[in-house]
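Listed here are the chains, written in short residue letters.
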Amino acid sequence: EILLSVKDLTAEVDGNSILKGVNLAVRSGEIHAIMGPNGSGKSTFSKALAGHPAYEVTGGEAIFQGKNLLEMEPEERARAGVFLAFQYPLEIPGVSNLDFLRVAYNSRRKEQGLEELDAFDFDDLIQEKLDVVKMDAAFLNRSVNEGFSGGEKKRNEILQMALLEPKIAILDETDSGLDIDALKIVANGVNQLASPENATILITHYQRLLNYIVPDYVHVMARGQIIKSGGKELALELESRGYDWVLEQAGAEV
Ligand code: ADP
Ligand code: MG
Ligand code: MG
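Parameters and conventions
- Residues numbered from 1 in each chain as written.
- Chains lettered and ligands numbered in written order.
- Predicted model: local features only at pLDDT ≥ 70, side-chain atom pairs only at ≥ 80, totals over all residues.
- Helix = DSSP H or I, 4+ residues; strand = E, 2+ residues; numbered from the N terminus.
- Buried ≥ 20, exposed ≤ 12 C-beta atoms within 10 Å, placed from the backbone.
- Contact = placed C-beta atoms within 7 Å.
- Expected span 1.5 Å × (residues − 1).
- Arc of directions from axis to C-beta.
- Core = buried A, V, L, I, M, F, W, Y, C linked by C-beta atoms within 7 Å.
- Pairing = 2+ DSSP bridges.
- Axes fitted to C-alpha atoms, helices over the stretch in contact; angles between N-to-C directions.
- Near = placed C-beta within 6 Å.
- Nonpolar A, V, L, I, M, F, W, Y, C, P; charged D, E, K, R; others polar.
- Left-handed = near helix turned anticlockwise from the far one by under 90°.

Per an unreviewed UniProt entry, the protein chain goes by the name Fe-S cluster assembly ATPase SufC and belongs to Scytonema millei VB511283.

Laid out in structure tokens, this is it:
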């Protein structure tokens with residue numbers, strides 16, 4: 001079953017054309033990695049899918065479970081099961097992480113036609129999810145992301161994901177700024193959450209993360225397009241050979 005189908009997606013920022021026709025199909029159960037040089041449009045792609053207001057989609061389509069994602073408000077996209085870490089505000093002083101997570105969780109439950117969980121039941125659930133990211137319960141009482149280290153923010157992202165159980169998770173540079181232990185915990189969390197019913201798109205600049213999360217497909221984005229796709233071995237080839245050869249290969253067509 002195709003979860004997400006992106007066709008000829010074009011987008012601009014401040015009047016500059018950045019995405020120049022992106023095509024991607026993601027089925028349930030798949031893990032896709034999008035790699036590519038800096039400035040190639042990877043983050044723009046994830047933000048366009050999330051509905052970030054600074055990124056104007058100018059053409060093409062993105063169909064998520066039969067619905068036109070591009071016509072949905074960012075919050076609707078999240079409630080429908082599209083997870084993008086940055087949809088969640090960086091820091092919210094005065095709001096505990098626990099309260100924030102409960103509100104986010106219950107609004108997703110509502111979307112699914114389920115009853116809200118009360119504070120007690122939510123407590124039980126969150127304890128279970130904390131184990132996935134090996135996070136200390138003390139995190140829950142701190143303000144959302146306030147004073148969190150880079151690694152703690154990333155783990156908190158995975159905690160949000162564990163809780164919201166999205167149909168598709170788009171993780172942009174989840175590995176940046178992580179030491180090796182935190183990287184393993186995050187990768188382990190992503191692996192535990194991956195199931196035949198959901199899909200993951202990992203956007204990463206480095207091959208490193210893919211030592212721990214094995215993708216089914218690897219795509220190279222350059223100049224606002226996916227110019228090459230392959231299996232997990234493509235990531236290793238990119239690691240050893242860089243991106244230039246892919247650009248040259250695609251040069252004739254792009
Ligand atoms: P990547 O994530 O692959 O490094 P980005 O999507 O961040 O690439 O950026 C692609 C291009 O779009 C770059 O040339 C970048 O300068 C430009 N760009 C991205 N966001 C903005 C923005 N908010 N304003 C102006 N230019 C932007
Ligand atoms: Mg960048
Ligand atoms: Mg980026």
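Now that the structure is up, let's keep going.
Asks: Whenever I open this one, the environment of Ile 92 confuses me. Can you help?
Replies: Note that Ile 92 resides in strand β7 (residues 92-96). The partly exposed category is assigned to Ile 92, around which 15 C-beta atoms lie within 10 Å. Once the C-alpha coordinates of Ile 92 and Ser 143 are considered, the two residues, 51 residues apart in sequence, prove to be 6.2 Å apart. When neighbours within four sequence positions are excluded, Ile 92 is seen to be in contact with Phe 100, Ser 143 and Val 144.

Asks: What should I look at first to understand helix α3 (residues 97-111) in this one?
Replies: Since the α-helix turns once every 3.6 residues, residues separated by three or four places project in the same direction. The end-to-end C-alpha distance of α3 is 21 Å, a good match for the 21 Å that 15 residues give at a rise of 1.5 Å each. Those residues of α3 that sit buried are Asn 97, Leu 101, Arg 102 and Tyr 105. The buried residues of α3 occupy an angular sector of 125° when the element is viewed end-on, so they sit on one face. Residues of α3 that are exposed and point more than 90 degrees away from the buried face comprise Val 103 and Lys 110. On its buried side, α3 packs onto β7, α4 (119-132), β8 (143-144) and α5 (150-164). Positive phi appears at Gly 113, one or two residues downstream of α3, with a value of about 75°.

Asks: Please clarify how the nonpolar core should be interpreted in this entry.
Replies: The tendency in soluble globular proteins is for nonpolar side chains to be buried as a group. Of all hydrophobic cores here, the largest spans 65 residues; its most connected members are Leu 49, Val 82, Phe 83, Ile 168, Ile 170, Leu 202 and Val 220. The greatest single-element share of this core, amounting to six residues, is contributed by α5.

Asks: What's the story with the sheet that holds strand β1 (residues 2-13) in this structure? I'm lost.
Replies: Sheet strands pair by backbone hydrogen bonding; their relative direction is either parallel or antiparallel. Spatial strand order, β2-β1-β4-β5: four strands in an open sheet with antiparallel pairing. The outermost strands of the open sheet, each flanked by one partner alone, are β2 (16-27) and β5 (67-68). The pairing of β1 with strand β4 (residues 56-64) spans seven bridges and is classified as antiparallel. Paired with Thr 10 across the bridge in β4 is Gly 59. Packing of helix α1 (residues 42-50) onto the sheet brings it into contact with β1, β2 and β4, and relative to β2 it is tilted by some 75°.

Asks: Please explain the site of ligand 1 as it appears in this structure.
Replies: Every residue close to ligand 1 is listed here: Val 13, Asp 14, Ile 18, Gly 36, Asn 38, Gly 39, Ser 40, Gly 41, Lys 42, Ser 43, Thr 44 and Ala 54. In terms of residue count, α1 provides more of the shell around ligand 1 than any other element does, three residues in total. Partitioned by chemical class, the residues of the shell around ligand 1 number three nonpolar, seven polar and two charged.

Asks: Is there a simple way to explain the sheet that holds strand β3 (residues 31-35) in this structure?
Replies: Taken together, the six strands give an open sheet; going across it, the order is β6-β9-β10-β3-β11-β12, and neighbouring strands pair in mixed fashion. Edge positions in the sheet fall to β6 (82-84) and β12 (225-230), since each of these pairs with one other strand and no more. Strand-to-strand twist across the sheet, computed as the mean angle between neighbouring axes with direction ignored, equals 20°.

Asks: Is there a simple way to think about the pairing of β3 in this case?
Replies: If a strand is regular, its side chains alternate between the two faces of the sheet. Taken across its five residues, β3 has five buried, putting it largely inside the fold. Neither face of β3 is left uncovered, since the one carrying Ile 31, Ala 33 and Met 35 and the one carrying His 32 and Ile 34 both have all their residues buried. Pairing between β3 and strand β10 (residues 199-203): four bridges, direction parallel. The residue bridging His 32 from the neighbouring strand is Ile 201, located in β10. One ladder, built from four bridges, connects β3 with strand β11 (residues 217-222); its direction is parallel. What sits directly across from His 32, in β11, is Tyr 217.

Asks: Sorry, what's going on with the packing of α3 against α5 here?
Replies: Any two packed helices are characterised by how steeply their axes cross, that is the angle between the axes, and by the distance between the axes. Between α3 and α5, the least distance of the axes is 10 Å, while the angle of their chain directions is 35°. The way α3 lies across α5 gives a crossing that is right-handed. Here α3 contributes Leu 101, Ala 104, Tyr 105 and Arg 108 to the contact with α5, which in turn contributes Gln 160, Leu 163 and Leu 164. A breakdown of the residues in the contact of α3 with α5 according to their chemical character gives five nonpolar, one polar and one charged.

Asks: Could you clarify how one ought to interpret α4 in this entry?
Replies: A rise of 1.5 Å per residue sets the reference length of α4, with its 14 residues, at 20 Å; its end C-alpha atoms lie 20 Å apart and thus fit the reference within 8%. Phi for Lys 134, located one or two positions after α4, is positive at around 50°.

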